[in-house]
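One letter stands for each residue in the lines below.
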Amino acid sequence: AVQNQEAKAIEQAAHKLKSSVAIFGRGEAQQLVRELEERAAAGDLRDAAARVAKLEGALERLQSALQAYLAREIQPQEVAHDQTDSDR
């Protein structure tokens, strides 16, 4: 959509992504996707490719943060659960 300068498609994709990103709270990714949606809605596609690249980076950082959180929070419980199972 960015390569073809399809403002409506960019706006719709950004809107869907904005809702998903909002689950994780306010942050860089949410701000970037909101800006992308607003600009596309206004037909302003200047720097759209650069904005998408920034958003991709922010989403990668969010993913890494979520993975680190899950590694800290989930794995200790799984280990404890596995030990309980082996004690039976």
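Draft legend 1. Focus on the confidence of the model for the protein. Scored by pLDDT, the protein comes out at a mean of 81, with 76% of its residues at no less than 70. Mean pLDDT across the elements of the protein ranges from a minimum in helix α4 (residues 75-87), with 57, to a maximum in helix α2 (residues 28-41), with 92.

Draft legend 2. Examining the environment of Ala14 more closely. Examined against the element boundaries, Ala14 turns out to sit in helix α1 (residues 7-22). Accessibility expressed as a relative area gives 4% for Ala14, which makes it buried. Distance from Ala14 to Val33, taken between C-alpha atoms, is 5.7 Å for residues 19 residues apart in sequence. With near-sequence residues (within four places) excluded, Ala14 lies in contact with Val33, Leu36 and Glu37.

Draft legend 3. The arrangement of the pattern of salt bridges in detail. Scanning the model with the defined rule gives seven salt bridges in all. Among the salt bridges present, the one from Glu38 reaches Arg34, with a minimum N-O distance of 3.5 Å. On the criterion of helical spacing, the pair formed by Glu38 and Arg34 is a turn pair, its members being four residues apart in helix α2. On the basis of relative accessibility, which here comes to 45%, the residue Glu38 falls in the partly exposed class. You can call Arg34 partly exposed: its relative accessible area is 34%. Note that Arg46 and Asp44 form a salt bridge whose closest N and O atoms lie 2.8 Å from each other. For Asp44, a relative accessible area of 18% gives the class buried. In this structure, a network of salt bridges that share partners links the residues Arg39, Asp44 and Arg46.

Draft legend 4. Layout of unusual backbone geometry. At Asp47, a position not held by glycine, the phi torsion is positive, near 60 degrees. One can find Asp47 in the loop between α2 and α3 (48-73).

Parameters at a glance
Residues numbered from 1 in each chain as written. Predicted model: local features only at pLDDT ≥ 70, side-chain atom pairs only at ≥ 80, totals over all residues. Heavy atoms only, no water. pLDDT = per-residue confidence, 0-100. Helix = DSSP H or I, 4+ residues; strand = E, 2+ residues; numbered from the N terminus. Buried < 20%, exposed > 50% of the residue type's maximum accessible area, 1.4 Å probe, protein only. Contact = heavy atoms within 4.5 Å. Salt bridge = Lys/Arg side-chain N within 4 Å of Asp/Glu carboxyl O.

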